[in-house]
Amino acid sequence: MSDISFKKTENKTDFKPFLVGTVFNPMNVDRKKIRKEPYCEVVINYPSRVEAMAIDPSKIAANDNLRYTPGQIDFTVGLFKKVTVKVIDGSGVVVSDGTKRPTLVRHAVELMRAAIGFEQGFYVDVEDKVNMRHCGLGSSSGLIAGVACAINEMFGRPINDSQMVKYLAQNHGEEIDEDENMINPVQCIGGSASCGTHAGCIKIIAGENVVVATAYVGEEYDVVIGVPKDFQHPDSKYLMDKEIENLPKFLECGRKYGPTIAYKLFHECMPALKEGDIKPLGDLIYEYRFNMGSIDNCSFVYPPINAISKRLAFLKLEGWVDVLALSSVGPGMFAVTRNTKKCVEAFEREGMNVLVTKPYNDRYQIVSKK
């Protein structure tokens, strides 16, 4: 029997904002595993993710108390947030002046307070040199996961990695610009949390936020990420309202292609990954994004992405990349490639800010504990 169990609460079935720190899916932590004297300070480096595809996008259309089961395929990349947490007097949360998006930091602390039951106050500092909000790069969920994992380390890691993914995914929210005390329910599958807690660059998530397979990606590859320079980075409420208008498209895509995706993933991609070959997975990702309507379904975020993606398709069709995809709902796109210069040039021609990083195959890094 697991040491951590989830209590079912009254279901939240809408997409309306909720208070920072609200826990919809609580869990009980084995008190014996909680460090009696927590560390005074913990510093970690938390990696980022790009999300290649959903396995059944129809499953994101209905809110079942923030539990979503579409499955997901993610790549962990070497873009890090440096998270520092310190115990302070009192029971409040002090967020450093240099930390962007303090609302999400407060939400992460309160989720961990509810899980572990501590009364200590915290000072939190997050250094995030990238911080491109709502581009599909997991900036929100990665920030929450980084803070939560640092606090978990402080108390001796009483929450195991798999349960951390589920807990964070099923209590996820993102900030609203005009209200620092409310956050918006945004579908979370567990990609950012899994990319920091599970080794292996590639994560395949199924069911209720369960990592069912991982795979290594070699150092010969680079990951090229492009985000349109003219993207305005709207807040989560605006984007969620637009997504709700487009949910019928996600439903239709999942119903039409979900069985095909699952079959190819299990019988073609996963065996190839076991043998170190990422190309079949890249082929499936391309088929989903470019030929099954996924990019068009996600274009509510940034309509020009339809035309941009068509002009970039040659990178995959001509063999310059093994993987080419929109990340999450975009508008960020990424490529996994050995031909970095070619990809950078192509992305820059499309008016994108470009980042080049490496696949990351490990868990988050512990910098110090004291």
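Residues numbered from 1 in each chain as written. Predicted model: local features only at pLDDT ≥ 70, side-chain atom pairs only at ≥ 80, totals over all residues. Heavy atoms only, no water.

Peer 1: Which parts of the structure should I look at to understand the overall build of the chain?
Peer 2: Scanning the chain for helices and strands turns up 10 helices and 16 strands. For 370 residues, the compact-globule formula gives about 21 Å, and the C-alpha radius of gyration of the chain, at 20 Å, lands near that figure. In the chain, 78% of the contacts between residues at least 6 apart in sequence involve partners at least 24 apart. Here the chain displays about 15,000 Å² of accessible surface, and carbon together with sulfur accounts for 50% of that area. (Helix = DSSP H or I, 4+ residues; strand = E, 2+ residues; numbered from the N terminus. Rg over C-alpha atoms; globule rule 2.2 N^0.38 Å. Contact = heavy atoms within 4.5 Å. Areas by Shrake-Rupley, 256 points an atom, 1.4 Å probe, with all protein chains shown as cover.)

Peer 1: What's the story with the sheet that holds strand S2 (residues 18-19) in this structure? I'm lost.
Peer 2: The pairing of strands in a sheet happens through backbone hydrogen bonds and is either parallel or antiparallel. On the basis of which strands lie adjacent, the open sheet formed by three strands has the order S2-S9-S8 and antiparallel pairing. At either end of the open sheet lies a strand with only one pairing partner, and these are S2 and strand S8 (174-176). With three bridges connecting them, S8 and strand S9 (residues 179-184) associate as antiparallel partners. Bridge pairing in S9 links Glu174 to Asn184. The strands touched by helix H1 (residues 102-116) are S2, S8 and S9; relative to S9, the strand with the most contacts, the crossing angle is about 70°. (Pairing = 2+ DSSP bridges. Axes fitted to C-alpha atoms, helices over the stretch in contact; angles between N-to-C directions.)

Peer 1: Explain the nonpolar core to me, please; I cannot follow it from the model alone.
Peer 2: Among soluble globular proteins, nonpolar side chains are generally buried collectively. The biggest cluster of nonpolar side chains holds 74 residues, and the ones touching the most others in it are Ile73, Phe75, Ile202, Leu281, Met333, Phe334 and Phe347. In contact with Phe347, other than residues within four places in its own chain, are Val224, Ile225, Gly226, Leu312, Leu315, Leu324, Met333, Phe334, Ala335, Met352 and Val354. Of all hydrophobic cores here, the second largest spans 38 residues; its members include Ala108, Ile116, Met154 and Ala193. (Core = buried A, V, L, I, M, F, W, Y, C linked by side-chain atoms within 4.5 Å. Buried < 20%, exposed > 50% of the residue type's maximum accessible area, 1.4 Å probe, protein only.)

Peer 1: I keep staring at the confidence of the model for the chain and nothing clicks. Help me out?
Peer 2: Close inspection of predicted coordinates is inappropriate in any region flagged by low pLDDT. Confidence in the prediction for the chain averages 93 pLDDT; 97% of positions are at 70 or higher. Taken as a whole, residues 1-9 scores under 50 in pLDDT and shows 29 contacts with residues more than four places along the chain or in a different chain. (pLDDT = per-residue confidence, 0-100.)

Peer 1: Explanation requested: the environment of Pro158 in the structure shown.
Peer 2: For Pro158, the position within the fold is in the loop between helix H2 (139-154) and helix H3 (161-169). Residue Pro158 is classed as buried on the basis of its relative accessible area, which comes to 4%. As a C-alpha pair, Pro158 and Lys33 span 125 residues in sequence and 5.0 Å in three-dimensional space.

Peer 1: Can you walk me through the packing of aromatic side chains in this structure?
Peer 2: Aromatic ring pairs are defined here through the distance separating the ring centres and the angle between the ring planes. Under the defined criterion, the tally for this structure stands at eight aromatic pairs. Between Phe231 and Tyr302 the ring centres are 6.1 Å apart and the planes differ by 90°, which places this aromatic pair in the edge-to-face class. Taken together, the residues span a long stretch of sequence, with Phe231 in the loop between strand S12 (222-228) and helix H5 (236-274) and Tyr302 in the loop between helix H7 (294-298) and helix H8 (305-312) at a distance of 71 residues. Note on Phe231: relative accessible area 6%, which makes it buried. Residue Tyr302 is classed as buried on the basis of its relative accessible area of 10%. With 4.3 Å between their ring centres and 15° between their planes, Tyr286 and Phe290 make a pair best called stacked. Of this pair, Tyr286 and Phe290 both sit in helix H6 (residues 279-291), four residues apart, roughly one helical turn. Across the pair, Phe290 and Tyr286 agree in class, each one buried. An aromatic cluster is defined as three or more aromatic residues linked by ring pairs; in this entry it consists of Phe118, Phe122 and Phe155. The lysine or arginine in question, Arg35, covers the ring of Tyr39, its NZ or CZ lying 3.9 Å from the ring centre. Its end group placed over the ring of Tyr364, Arg363 keeps NZ or CZ at 4.7 Å from the ring centre. (Phe/Tyr/Trp six-rings, centres within 6.5 Å; stacked < 30°, edge-to-face > 60°. Lys NZ or Arg CZ within 6 Å of the ring centre and 35° of its normal.)

Peer 1: Would you mind going over the environment of Ile60 with me for this structure?
Peer 2: Here Ile60 shows up in the loop between strand S4 (41-54) and strand S5 (72-88). Given the relative accessible area of 11%, Ile60 is considered buried. Put simply, Ile60 and Leu247 are 187 residues apart on the chain and 8.0 Å apart in space, counted from C-alpha to C-alpha. The residues contacting Ile60, other than those within four sequence positions of it, are Tyr68, Pro70, Gln187, Ile189, Glu243, Leu247 and Phe250.

Peer 1: What is the right way to read unusual backbone geometry from this model?
Peer 2: A negative phi angle is the norm for most residues apart from glycine, just as the trans form is the norm for most peptide bonds. The linkage connecting Gly330 with the following residue, Pro331, adopts the cis geometry, with an omega of 5°. Of note, Pro331 is situated in the loop between strand S13 (323-326) and strand S14 (333-337). Although it is not a glycine, Asn65 adopts a positive phi angle of roughly 60°. Following the sequence through the fold, Asn65 ends up in the loop between S4 and S5. Owing to a relative accessible area of 0%, Asn65 belongs among the buried residues under this scheme. Its identity is not glycine, yet Arg101 carries a phi of approximately 65°, on the positive side. Structurally, the position occupied by Arg101 is in the loop between strand S6 (93-95) and H1.

Peer 1: I'm lost on the pattern of salt bridges in this one. Help?
Peer 2: Pairs can form between side chains of opposite charge whenever their charged atoms are close. Counted under the stated rule, the structure contains 23 salt bridges. The closest approach of N and O atoms between Asp56 and Lys59, which form a salt bridge, is 3.9 Å. The exposure class assigned to Asp56 is buried, which follows from its relative accessible area of 17%. It is possible to trace a salt-bridge network through shared partners that takes in Glu153, Arg157, Asp161, Arg363 and Lys369. (Salt bridge = Lys/Arg side-chain N within 4 Å of Asp/Glu carboxyl O.)

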